[in-house]
Every structure is written in structure tokens, then in C-alpha cells.
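# Observations on the model geometry
So you can see what is in the structure, the chains are spelled out below.
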Amino acid sequence: QVRLVESGGGLVQPGGSLRLSCAASGSIFNINTMVWYRQAPGKERELVAAITGSGSTNYADSVKGRFTISRDNAKNTLYLQMNSLKPEDTAVYYCRYGFSASILYGSWGQGTQVTVSP
């Protein structure tokens, strides 16, 4: 079982950018789908973005055009480039992997906190 560790969060002003990283303990080459979820205070966890082994991507409507998910199989790392950040993007961000965006393997990690505030 591959373990994932998120990093790269922080405090940023509205309109700013952050790049999140998700380092895997083993090879992600054969992992079909990798995803980013987020959970804001008092809200349910929601899917932000997903990427398949072939590079196909899918985004939540709220982040389309602002966020970009990518994976580097050679470095066993998943990324989430977040641009034009808004206060409503404030949340803890988690990465996971699985058969699909809704059929996940493993468990939730610590996540990385993203706070967008003036």
C-alpha cells in the first residue's frame, strides 16, 4: 500500500498562488487515478481534481481554469497548482489514489492547510 504525504499549504492573499505536493512512498506509475480533495470548516469533504494514468484530468466547477493537477511518475509525486486563489478555497487539502475518483484506496492523511485571507 502506497502512503501519501501532502505539503505546500500556507497562508496566501486573495489572487495569489500555491503549489501543493503529494509525495508517495512508492511508485505511482501503475496507479490509475490520483485525486485532490478538500474540506473547509463545517463543510463536507469535496473532490477538487483528479488525474488518470493517461493524463486525463477532471476538475470541480469551482476551480476550473484556476487549478491544475499534474503527476510526475518519475518522482512519485502528485501536484496541485492553485492560481487566482479565493477566500472560499480555504480548506485542508488531501491527496488520495484509487481505481477512480470515488473508489479510493488507503486512508486519509494529515492533509495540508491552505488559508486565503487578506
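Before reading further, recall that the structure is shown in the block above.
The rules we used
Along each chain, the written sequence defines residue order, and numbers are assigned to residues from 1. Reporting of local features is limited, given that this is a predicted model, to residues whose pLDDT is at least 70; pairs of side-chain atoms are given and counted only at 80 or more, and all residues count toward the totals for whole chains, interfaces and linings. For the side-chain quantities, the full set of heavy atoms in the structure was used; hydrogens and water were omitted. Any two cysteine sulfur atoms within 2.5 Å of one another count as a disulfide. Strands here are runs of E lasting at least two residues and helices are runs of H or I lasting at least four, both read from the DSSP assignment and numbered beginning at the N terminus. Residue exposure (1.4 Å probe, protein chains only): buried if accessible area is under 20% of the type maximum, exposed if over 50%, otherwise partly exposed. Stacked, edge-to-face and tilted labels apply to pairs of Phe, Tyr and Trp rings (six-membered ring for Trp) whose centres lie within 6.5 Å, assigned for plane angles under 30 degrees, over 60, and everything in between, in that order. Our definition puts a charge over a ring when NZ of Lys or CZ of Arg is within 6 Å of the ring centre and also within 35 degrees of the ring normal. Side-chain atoms within 4.5 Å are what join buried Ala, Val, Leu, Ile, Met, Phe, Trp, Tyr and Cys residues into a set we call a nonpolar core. Any pair of residues with heavy atoms lying within 4.5 Å of one another is described as a contacting pair. In what follows, salt bridge is the name for a side-chain nitrogen of Lys or Arg lying within 4 Å of a carboxyl oxygen of Asp or Glu.

So, about the state of the cysteines. Tallied over the full model, the rule gives one disulfide. Note that Cys22 is cross-linked by a disulfide to Cys95, the S-S spacing being 2.0 Å. Judged by the sign of its S-S torsion, about 70°, the cystine formed by Cys22 and Cys95 is right-handed. Here Cys22 is found in strand S3 (residues 18–24), whereas its partner Cys95 is found in strand S9 (residues 91–98), with 73 residues between them in sequence. Residue Cys22 shares its accessibility class with Cys95, and that shared class is buried.

The full count for this structure, using the stated rule, is three aromatic pairs. Measuring from ring centre to ring centre gives 5.3 Å for Tyr37 and Trp108, while their planes differ by 80°; the resulting arrangement is edge-to-face. Pair noted here: Tyr37 is in strand S4 (residues 33–39) and Trp108 is in the loop between strand S10 (104–105) and strand S11 (112–116), with a separation of 71 residues, a long-range link. Under the relative-accessibility criterion, Tyr37 is labelled buried at 12%. Centroid distance Tyr94 to Trp108: 5.5 Å. Interplanar angle 70°. Geometry classified as edge-to-face. In this pair, Tyr94 sits in strand S9 while Trp108 sits in the loop between S10 and S11, placing the two residues 14 residues apart along the sequence. Overall, the relative accessible area of 10% leaves Tyr94 in the buried class. The class of Trp108 is partly exposed, set by a relative accessible area of 34%. An aromatic cluster of at least three residues, connected via ring pairs, comprises Tyr37, Tyr94 and Trp108. When the ring centre of Tyr94 is taken as reference, the NZ or CZ atom of Arg45 above it lies at 4.5 Å. A cation over an aromatic ring shows up here: Arg96 above the ring of Trp108, its NZ or CZ 4.4 Å from the ring centre.

Let us look at the nonpolar core. Trp36, Leu80, Met82 and Tyr93 are the most contacted members of the largest nonpolar core, which totals 30 residues. Only S3, S4, strand S5 (46–52), strand S7 (67–72), strand S8 (77–82), S9 and S11 provide two or more residues apiece to this core. If we ignore the near neighbours within four places in the chain, the residues touching Tyr93 are Glu6, Leu20, Trp36, Tyr37, Arg38, Val48, Phe67, Leu80, Met82, Gly111, Thr112 and Val114.

So, on to the pattern of salt bridges. Applying the stated criterion to the full structure yields four salt bridges. Of the charged contacts in the structure, one is a salt bridge between Arg38 and Asp89, with a shortest N-O distance of 3.0 Å. Residue Arg38 is located in strand S4, and its partner Asp89 is located in the loop between S8 and S9; the two are separated by 51 residues in the primary sequence. In this structure, Arg38 and Asp89 share a single accessibility class: buried. Ionic pairing is found between Arg66 and Asp89, a salt bridge with its closest N-O pair at 2.7 Å. Here Arg66, found in the loop between strand S6 (57–59) and S7, pairs with Asp89, found in the loop between S8 and S9; they are 23 residues apart in sequence, far enough to count as distant. For Asp89, a relative accessible area of 1% corresponds to the buried category. Members of the salt-bridge network, linked through shared partners, are Arg38, Glu46, Arg66 and Asp89.

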